[in-house]
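Breakdown of the fold
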Amino acid sequence: MSKSPLIATMIRHTTCRNNVYPRSDVKRFSVPDEKLPWSVIYTGYEPPSYTAPHINGQIWADPDLQNAEFKPQWNALDGKINRVSYNGEYKLDEGGHPLNPMGRTGLRGRGLLGRWGPNHAADPIVTRWKRDSQGNILKSQITSKNILQMVAIQRHDNKMWAIPGGMVDPGEKVNATLRREFMEEALDSFKDKDMVEDFFATGTEVYKGYVDDYRNTDNAWIETVAYNYHDESGEQVGKLELSAGDDAAGVQWMDVDSGKQLHANHSFIVQKVVELLNAHW
């Protein structure tokens, strides 16, 4: 049975509802599933507004919308800043604030995010096959499919394991972000830079869209482009010793399976790679 659009949306819009906003004591306004869509009237919906104080004045952040000099071009490439959503055209509320395309979150403002509207990220999913000491690929005893391993980093903020991605800088090409973030978070020090550059020259896009991130608000949210970079032989990035950078608490080659609990909706994205490579899940 196929899922309805509402149910499909709810699956990827749960982390950012009905909790206390991270790194604050601000409690989100309650949003039950049936009140999630903006098209559904929610009488009495009065969520608090919160933008982390350290956001103000940062070069990577937008000004407050009350700033008369700030005239963003919504749903467009605004200079070097990409304000286009992968989920289609988003609407604005009566005050000119962009509205989260996935629905209500129980919090207005930008929270910990720099941009009003979509905040674009890029996630490199670097994989290899799990092998024994003789180099033979190991298979799952349950599914008889090859066991896949991915590079996962442990986040400082919530201690969860995640894809080693990050935010796309204004004017930066996504493939440059993918390579940069992986090198910064998973390869803190290494020698074979040319090999890494060649490895990231090609990849397969597996997901483009909304991220169910706990930092999302009614007016600011994270979207990502995820690419798979697979080392089939295990002789390229697959043989490098991983070393966590300053942005990660830890890094490891993690066995991929359906039981792993990852940050945001990263498990959903990783499953796309599993399907692409016909690996164990």
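Conventions we followed
- Residues numbered from 1 in each chain as written.
- Predicted model: local features only at pLDDT ≥ 70, side-chain atom pairs only at ≥ 80, totals over all residues.
- Heavy atoms only, no water.
- Helix = DSSP H or I, 4+ residues; strand = E, 2+ residues; numbered from the N terminus.
- Rg over C-alpha atoms; globule rule 2.2 N^0.38 Å.
- Buried < 20%, exposed > 50% of the residue type's maximum accessible area, 1.4 Å probe, protein only.
- Contact = heavy atoms within 4.5 Å.
- Areas by Shrake-Rupley, 256 points an atom, 1.4 Å probe, with all protein chains shown as cover.
- Lys, Arg positive; Asp, Glu negative; His and termini not counted.
- Charge placed at Lys NZ, Arg CZ, Asp CG, Glu CD.
- Phe/Tyr/Trp six-rings, centres within 6.5 Å; stacked < 30°, edge-to-face > 60°.
- Core = buried A, V, L, I, M, F, W, Y, C linked by side-chain atoms within 4.5 Å.
- Polar contact = N/O pair within 3.5 Å; in protein donor to acceptor, adjacent residues only side chain to side chain.
- Pairing = 2+ DSSP bridges.

A few words on the overall build of the protein. What the protein contains, in helices and strands, is 4 helices and 11 strands. Relative to its length of 281 residues, the protein is compact, with a C-alpha radius of gyration of 20 Å against a globular reference of 19 Å. Along the longest, intermediate and shortest principal axes, the C-alpha atoms of the protein span 65 × 45 × 35 Å. Expressed as a percentage of the 281 residues in the protein, the buried residues total 48%. Residue pairs at least 24 apart in sequence account for 68% of intrachain contacts in the protein once pairs closer than 6 positions are excluded. If you sum the accessible surface of the protein, you get close to 14200 Å²; carbon and sulfur atoms cover 48% of it. Computed over 32 positive and 38 negative side-chain charges, the separation of the two mean positions in the protein equals 3 Å.

Evaluation of the coordinates by the stated rule reveals 12 aromatic pairs. Between the aromatic rings of F182 and F200, the centroid separation amounts to 5.3 Å while the plane-to-plane angle is 45°, which identifies the pairing as tilted. Of the two residues, F182 sits in helix α2 (residues 174–186) while F200 sits in the loop between α3 (193–199) and β9 (204–210), which places them 18 residues apart along the sequence. An identical accessibility class is assigned to F182 and F200; each is buried. With centroids separated by 4.5 Å and ring planes inclined at 50°, the aromatic side chains of F200 and Y229 adopt a geometry described as tilted. Highlighted residues: F200 in the loop between α3 and β9 and Y229 in strand β10 (residues 220–231), separated in sequence by 29 residues. Neither residue differs from the other here; F200 and Y229 are each classed as buried.

In this section: the nonpolar core. If you look at the biggest cluster of nonpolar residues, it comprises 26 residues, and the most contacted ones within it are I125, M150, V206 and I269. Listed by contribution, the elements that provide at least two residues to this core are β5 (117–129), β6 (148–154), β9, β10 and α4 (266–277). Residue contributions to this core peak at 4 residues, all from α4. Once residues within four sequence positions are removed from consideration, M150 is found in contact with V126, T127, I163, Q252, W253, M254, V256 and V270. Judged by nonpolar contacts, the second largest core, of 20 residues, contains A122, V196, F200 and V251.

Considering the arrangement of structural elements, one finds S140 in the loop between β5 and β6. Overall, S140 belongs to the buried group, its relative accessible area being 8%. At 3.2 Å, the side chain of S140 and the backbone nitrogen of T143 are in polar contact.

Bringing the pairing of β10 into the picture now. Among the 12 residues of β10, 11 are classified as buried, and the element is accordingly described as predominantly covered. Taken together, the 6 bridges between β9 and β10 define a ladder with antiparallel strand orientation. Paired with K208 across the two strands is V225, which belongs to β10.

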